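# What the coordinates show
So the chains spell out like this:
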Amino acid sequence: MLTYAEVGLTLSEYQEIQRLLSRNPNDLELGLFGALWSEHCSYKNSKPFLAWLPNQGPFVVQGPGGNAGVVLFNQDYDVAFKIESHNHPSYVEPVQGAATGVGGILRDIIAMGARPIAVADVLKFGTNDKARALRQGIVEGIGAYGNAIGIPTVTGSVGYSALYDANPLVNVLAVGLLPHLQHIGADGAKPGSVLLLMGQATGRDGIHGASLLASQDFGTETEAMRPTVQVGDPFMGKLLMEATLRIVREGLADAVQDLGAAGLTSALAELAYASHVGVSLDVAAVPCRETGMSAYDIMLSETQERMLLSIPEANLEAALSAIETFALPVAEVGRVMPGDFLRIVCETQLLADVPTQVLVASCPRQVLADDFVERFTEPPVGESAPVPLTLDHDLGLRVIGHPDCQDRSPIYQRYDSMIQVRTVWGPQHDSAILRIGEGADGLQIAVAAPSRWALMDSVAGGYGAVVDVLSRIATQGSVPLGLTDGINGGNPDKPEEYQRVAGLVWGIAQAAQDFGVPVTGGNVSLHNETHSQAIWPTAALGVVARHPHPETPIPDRPSGKGLKIAVLNPPEELSLGGSVLAELLGRIGAYPRIVPDRTVQALRLMGDWARDPDTVGLLACRSVGIGGLFVALARALMSASPEYGADLRLSSDRAALELFNETAGQFLVFLDPSRQATWEHSAKRAGMTIAILGETTDSPQIKIQAGRTVTWELQALWQAFREGGEYHRVG
Amino acid sequence: MTLEETRQVVGIVVFPGSNCDQDTIQAIMDLGAIPRVLDYRLRQLPAIDRLILPGGFSYGDYLRSGALAAAAPIMDAVGEAATAGMPVLGICNGFQILCERGLLPGALLPNPHGEFVCRLETLRVTAVPSGFQGLSVGDRLALPIAHHEGSYRVSDGKLHELFEQGQVFLQYSDPDGVVHPLTNPNGSVANIAGVTQGSVVGLMPHPERAMAEYLGSADGRRLLQAWFGQKGGHGC
C-alpha cells in the first residue's frame, strides 16, 4: 500500500479525495491524484493570483487554459506562444533537463497545430564553480535539442546571482504559426474516437517528475532524483512534429494533447476534462521500452516525444498511414466515451476509475485573505539604494563588465539562430525580428527577466519587467499582441515567499492592464529553494508583436557623427534601486515604482516615432534596461560599424544617477539635428520630456562632461563587455 | 539565358531529420528553378538536372553525422548520377553525407572545442569548382555556419594534393580574405570549409540562409547562382 505522503499529498488532501470518491483510492488512483494535485499540475497555490492577470484583448484567439495562448497575427496566420520552466530537472541533470525543457514547450505549441518558428530562453545562473558547470550543460542541452529539431533560438535573457547557485532557472518561450482560426486542442474529442499514442515507447524515466521533483524544495536527497529526469531525443521530436502537423493539417484528429509533466495521466485527464468526455485506456496496449512495467509506472512515466491523438474511427486508416510515412511507433491505446471519467484497464481487468472533474478540478486551493492585495499598495520599507555623488571611469567599466550586462555571444553562438531563414534580427539585438512573408508584416519577439528589480519590492519588479519587454517592442513601432509570463519563486508554504511571488504577479497584472496587453498563458514554478535558500522572485516575460516592416528595422546603433543623443522620458525621481550599480556599491535597494500614465504615454510616443521615423528624424533607438542608459549607449556605439563615439554633457551631481538608473520606460534616441524643431514639438504635444545629452562623434570613445570630464575608450568598454569588468585592473 | 527560361529541376534529397530542406527549397524557388523533393527511400532518381543534399541532423546525427544517411536507399542513385556528371551540392549535413559516402574526399569531425557554433563567417574562394560561373579565386563571401561537426580533415599527405588539384573550394578567412589560424572556427585543416570533386561540391556554410542583405548577407544567392552556372552578382 502506498501512503499519501509517498505521492506528495497532505493528509487533508487525502481526506478530501476520500470524501469526493466516497471511498479509499487504490494505489494506482492515489498515484494519479499525487500527480494531478501536485503544485506543478494543479497550480493549487498560484491559481488565486493568476486570476489577476488580464487575458482578453483585441487579438486574443485563445487565452490561458490550453497548451498555449493563441493571438491573431494577420488574415492568414495566428501565433501560438507560451513560456514554460524546466528548472528542477536542469539542476539535477543540466543537459537533459534543459533539452527536454525545449522539447516540452515545443510539443505544447505543436499540440495547438502550430509549426514552431522560434525559441527564446530565459536563464538564471549562480556564480560558483558548480554553477559554471551547470551553465555549460544547460546551454549545451538547449542547443542540442533546438538545433537538431531545426527551430532557431532567436533571443534570450541571461542573469546571475549567487541565489541561483543551487536553483538555476531555465524558462523557454516557444512561438509557432498556425493557419488563422484553425482550431485543434485537447477540447474536441468526441465519443467513439480512438486514442492513439504516437512516438517514443514508454519507459521508466521521469516517474514522479511533476509530483516530487518539480513540487518540492531541494535538499541533500535531490541527487537521488536523477533517475526522475527525462531524456530527450530531438530526432524523434522532429518526426513527431511533422507527423502531428500533417494529421492536423489533413483534419484527421478531433483532439491532440502532448505528453509532458505527469505523462499519460495528465494528458488523458486534460483531454477528457476539456472535451467533456470519458476516456478509457488499456495499459496493456501501451508500447513499453522495458518489460515488467506496472500500470503505475506507465501512467506516471514522463518519457518524452509522445503525443496523444483522438481520431474519429472514419479517419483511423488515413491517420495510421500518415504516421507510417514518418516511421513512427504508434498504438491504439484507448477510446473516447460519453461520460466524465478516467478509466484504466489492463485488457479486461479494471484498474482505476475516477471522475475527471475530481481529478482535474477539485484540488483544494490556497485561499487569499480579503486584505491580501492591500499589502501591495505601498512599497516595502527597507534600505535605500546608494546615491553616488561623482562619476568615475571605473564605475562604467564595472557595470558593463557585470555578468548581467556582458556579451552573450559565447552562449548564443551555440544556438542555431538562423534556421528557417526568418531571422532579420537575432540574439545580438535586444529583441528578435522575424520575417513571415515576402514584403509582409513580421513578428517581433522580446523576453526580459530583470529579477534584481524584484528583490526588495516584487510588485515594482513585476511591473518593471512588463514595461521592459513592451519598451523593446515600442522601439520598433510594433503592435504587441500578447504576453506570456514564467513565474519562478521559492517555497509557497512560507508566507513571506508566497507574498513575494504573489506581489510579482500583482505587478505584472497591473502593468498588463495599464498597457492594455493581455497575458495569454504562462507557467508557475515554485519550490525553487535549496536548504531553505530561495531564489529572487523571478518573472520571465515574453511578448510577441506585429512588426510593420521587418526587412528594415529601426536601427539600434548610430550611423553617423553629429547626431543628437537624447533620452525620451527620463525618470523624474532618479533612483538606482534594483540596479547593477547599486549591487556593485553594496546596497541594492527597492526598484522604483513606475509611474503608469506617463510611461504608457512614453511607449506610445516611441511607437509613433518608430512608425514614422523620417518625420521626426529618428535615426536609431534602444530601450533602457539593465545597466541603464550607459550600457544602452555603449552597446549602441560598440555595435556600429564603423564605430562612432559620444560627447555628452550632464549635471555634475546627477550624472551617475542619470546614467545608471534602470527605470524602465525611457529610451535612448539618436536624432537628426535638422529635425530638432519637429521632435521637440512632438514630445511637447505628448507632454513628454526629451532631454538632449549631446551628440555622436567620429572618435571611438564616450566622453562625458559632468563637472570634470570622464572618457571611456570604446576599446576598453569592449574589453570589459567581453571579458568582465575587472579586466582593466588585471591588465 | 536566365534560370526562369531554362527551368532547371533541382532534386532535394530529404532524409529523416533533415531540417534545412524547406529553406533550400525556398532559395531554389527564389532563383527561378524548380525544386523536387526526393524521399530517401527512392531507388531511382526522376528526371532532374541537379541535386542538393540539404543540411540538418539526418537520423539524429546518431552513430556519426551523415554516416547513416550515406547508406540510405537513394544514395546508390545519387552516386551514379554524380559519376555521370550531374552537379551535386551538399550543404552542411549534406557535405558530411557526401564525405561519408566517399563522393568527396576527407571527413568532418566534431569541432575540437566541443561546441556547436552558429555565426556569419567570411569565406575565401580558393578554387572555382567546374561549372561555376561568376566566382573568381580570391572572392570573399559572407555566409553563416551552424554546426557541431565541421572540422574538416584529410588523411596524411592528401592535403597537398587537394590544393594542387584545385579541390579546395572555400577557406575560412578574415574579412580581407586572409586565411590564418585565428579565422578558423572549427579546427578544419587549412581552414577548409568546402571541397569539390568532379561535379560534386560540399560546403559547411549555408548559402540558402544568405539570400538577402537584410538577413545578414546576400552572398548565398551569389554562390547558388554561380552553381547554376549563372553570372549573377559581382565581386567584392
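Just so we're clear, the structure is a prediction, and the values are computed from it rather than from any experiment. (Residues numbered from 1 in each chain as written. Chains lettered and ligands numbered in written order. Predicted model: local features only at pLDDT ≥ 70, side-chain atom pairs only at ≥ 80, totals over all residues.)

Here the focus is the overall build of chain A. The secondary structure content of chain A amounts to 25 helices and 28 strands. Computed over C-alpha atoms, the radius of gyration of chain A comes to 26 Å, within 12% of the 27 Å expected from 2.2 N^0.38 for 731 residues, which places it in the range of a compact globule. When contacts within chain A are restricted to residue pairs at least 6 apart in sequence, long-range pairs at least 24 apart make up 84% of them. (Helix = DSSP H or I, 4+ residues; strand = E, 2+ residues; numbered from the N terminus. Rg over C-alpha atoms; globule rule 2.2 N^0.38 Å. Contact = placed C-beta atoms within 7 Å.)

On to the interface of chain A and chain B, then. With 21 residues of chain A at the interface, the matching set in chain B holds 22 residues. Going through the elements one at a time, α7 (129-149) and α9 (234-249) of chain A are the ones with two or more residues in the side of chain A that touches chain B. Residue contributions to the side of chain A that touches chain B peak at four residues, all from α9 of chain A. By residue class, the composition of the side of chain A that touches chain B is 10 nonpolar, seven polar and four charged. (Nonpolar A, V, L, I, M, F, W, Y, C, P; charged D, E, K, R; others polar.)

Below, the discussion takes up the domain arrangement of chain A. Taken domain by domain, chain A holds domain 1 (1-37 + 186-363), domain 2 (57-183 + 417-551) and domain 3 (554-731). Here the C-alpha centroids of domain 1 of chain A and domain 3 of chain A sit 52 Å apart. (Domains from an automatic or database assignment.)

Secondary-structure assignment places Tyr-59 of chain B in the loop between β3 (50-53) and α3 (75-83). In this view, Tyr-59 of chain B contacts Phe-235 of chain A together with Phe-15, Pro-16, Gly-17, Leu-68 and Ala-69 of chain B; residues no more than four positions away in its chain are not counted.

We now examine the packing of helix α21 (residues 628-639) of chain A against helix α24 (residues 714-723) of chain A. Residue and element names in this part refer to chain A. Orientation of α21 relative to α24, taken along the N-to-C sense of each, is 105°, at an axis distance of 10 Å. Relative to α24, α21 is oriented roughly perpendicular. Where α21 approaches α24, its residues Ala-634, Leu-637 and Met-638 are matched on the opposing element by Leu-714, Leu-717, Trp-718 and Phe-721. For the contact of α21 with α24, the residue count by class is seven nonpolar, no polar and no charged. (Axes fitted to C-alpha atoms, helices over the stretch in contact; angles between N-to-C directions. Parallel < 35°, antiparallel > 145°, perpendicular 65-115°, else oblique.)

So, on to the packing of helix α2 (residues 27-36) of chain A against helix α10 (residues 263-275) of chain A. Residues and elements named next belong to chain A. Interhelical geometry of α2 versus α10 gives an angle of 80° and a closest axis separation of 10 Å. By the angle between their directions, the pair α2 and α10 is classed as roughly perpendicular. Facing α2, whose interface residues are Leu-32, Ala-35 and Leu-36, α10 presents Thr-265, Ser-266 and Ala-269. Taken together, the residues of the contact of α2 with α10 sort by class into four nonpolar, two polar and no charged.

Let us now look at helix α17 (residues 495-515) of chain A. Here α17 of chain A is 21 residues long and its end C-alpha atoms lie 30 Å apart, about the 30 Å a rise of 1.5 Å per residue gives. Backbone geometry just downstream of α17 of chain A places Gly-516 of chain A in the positive-phi region, at approximately 65°. (Expected span 1.5 Å × (residues − 1).)

Residues and elements named next belong to chain A. In terms of burial, strand β4 (residues 115-125) is a largely internal element, 11 of the 11 residues being buried. Here β4 pairs with strand β6 (residues 169-179) via nine bridges, running antiparallel. Its bridge partner lying in β6, Lys-124 is registered against Leu-169. Strand direction decides the pairing type here: β4 and strand β5 (residues 153-160), joined by seven bridges, are parallel. Paired with Leu-123 across the two strands is Val-158, which belongs to β5. Regarding topology, α7 serves as the crossover connection from β4 to the parallel β5, and that connection is right-handed. (Buried ≥ 20, exposed ≤ 12 C-beta atoms within 10 Å, placed from the backbone. Pairing = 2+ DSSP bridges. Right-handed = clockwise from strand over helix to strand, strands pointing away.)

This next bit is on the sheet that holds strand β10 (residues 192-197) of chain B. Residues and elements named next belong to chain B. Spatial strand order, β2-β1-β3-β4-β11-β10-β9-β6-β7: nine strands in an open sheet with mixed pairing. Two strands lie at the open edges of the sheet, namely β2 (34-39) and β7 (140-147), each paired on one side alone. Strand-to-strand, the axes of this sheet are offset by a mean angle of 25°, without reference to chain direction. Inspection of the sheet shows strand β9 (residues 168-173) paired to β10 by three bridges, in the antiparallel sense. For Gln-171, the partnering residue across the bridge sits in β10 and is Ile-192. Along the sheet, α3 makes contact with β1 (9-14), β3, β4 (88-91) and β11 (200-203), crossing β4 at roughly 125°. Sitting on the sheet, helix α6 (residues 219-227) touches β4 and β7, and the angle it makes with β7 is about 100°.

To continue, consider the environment of Val-459 of chain A. Residue and element names in this part refer to chain A. Within the fold, Val-459 resides in helix α16 (residues 458-474). Sequence separation between Val-459 and Glu-347 is 112 residues, and the spatial gap between their C-alpha atoms is 54 Å. Val-459 has contacts with Phe-376, Gly-503, Trp-506 and Gly-507, leaving out every residue within four places of it along the chain.

All names here are of chain A. Core analysis: the largest hydrophobic core is formed by 323 residues, its most contacted members being Val-79, Val-466 and Leu-541. Broken down by element, this core gets its largest block of residues, 11 residues, from α17. The residues touching Val-466, leaving out its near neighbours within four places in the chain, are Leu-483, Ile-508, Ala-511, Ala-512, Phe-515 and Leu-541. (Core = buried A, V, L, I, M, F, W, Y, C linked by C-beta atoms within 7 Å.)

This part takes up the sheet that holds strand β9 (residues 278-282) of chain A. All names here are of chain A. In space, the seven strands of this open sheet follow the order β8-β10-β7-β11-β9-β12-β13, with mixed pairing throughout. Of all the strands in the sheet, the pair left with one neighbour each is β8 (255-258) and β13 (349-354). Recorded for the sheet is a direction-independent mean angle of 25° between the axes of neighbouring strands. Judged from the five bridges that link them, strand β12 (residues 342-346) and β13 form a sheet pairing that is antiparallel. Within the sheet, the bridge partner assigned to Val-345 lies in β13 and is Leu-350.

Our next topic: helix α12 (residues 316-325) of chain A. Residue and element names in this part refer to chain A. Every buried residue belonging to α12 is among Ala-319, Ala-322 and Ile-323, and all of these are buried. One face of α12 carries all of its buried residues, which in axial projection span an arc of 95°. The exposed set on the far side of α12, more than 90 degrees from its buried face, consists of Glu-317, Ser-321 and Glu-324. Contact partners of the buried residues in α12: β7 (194-199), α9, β10 (306-311) and β11 (330-337). Positioned one or two residues after α12, Ala-327 has a phi angle of 55°, which is positive. (Arc of directions from axis to C-beta.)

Turning to unusual backbone geometry, a few remarks are in order. With an omega dihedral of 0°, the bond running from Ser-641 of chain A to Pro-642 of chain A counts as a cis peptide bond. In this model, Asn-569 of chain A sits at a positive phi of 65°, which is unusual for a non-glycine residue. Note that Asn-569 of chain A resides in the loop between β22 (564-568) and α18 (580-584). Although it is not a glycine, Cys-92 of chain B adopts a positive phi angle of roughly 55°. You can see Cys-92 of chain B is positioned in the loop between β4 and α4 (93-101). With 27 C-beta atoms packed within 10 Å, Cys-92 of chain B lands in the buried category.

Time to look at the pairing of β22 of chain A. All names here are of chain A. With five of five residues buried, β22 lies mostly within the body of the structure. Neither face of β22 is exposed, since Lys-564, Ala-566 and Leu-568 on one face and Ile-565 and Val-567 on the opposite face are all buried. Note: β22 against strand β25 (residues 667-671), five bridges, orientation antiparallel. Paired with Ile-565 across the bridge in β25 is Phe-670. Both β22 and strand β26 (residues 690-697) contribute to a ladder of five bridges, which runs antiparallel. By the bridge assignment, Val-567 is partnered in β26 with Ala-691.

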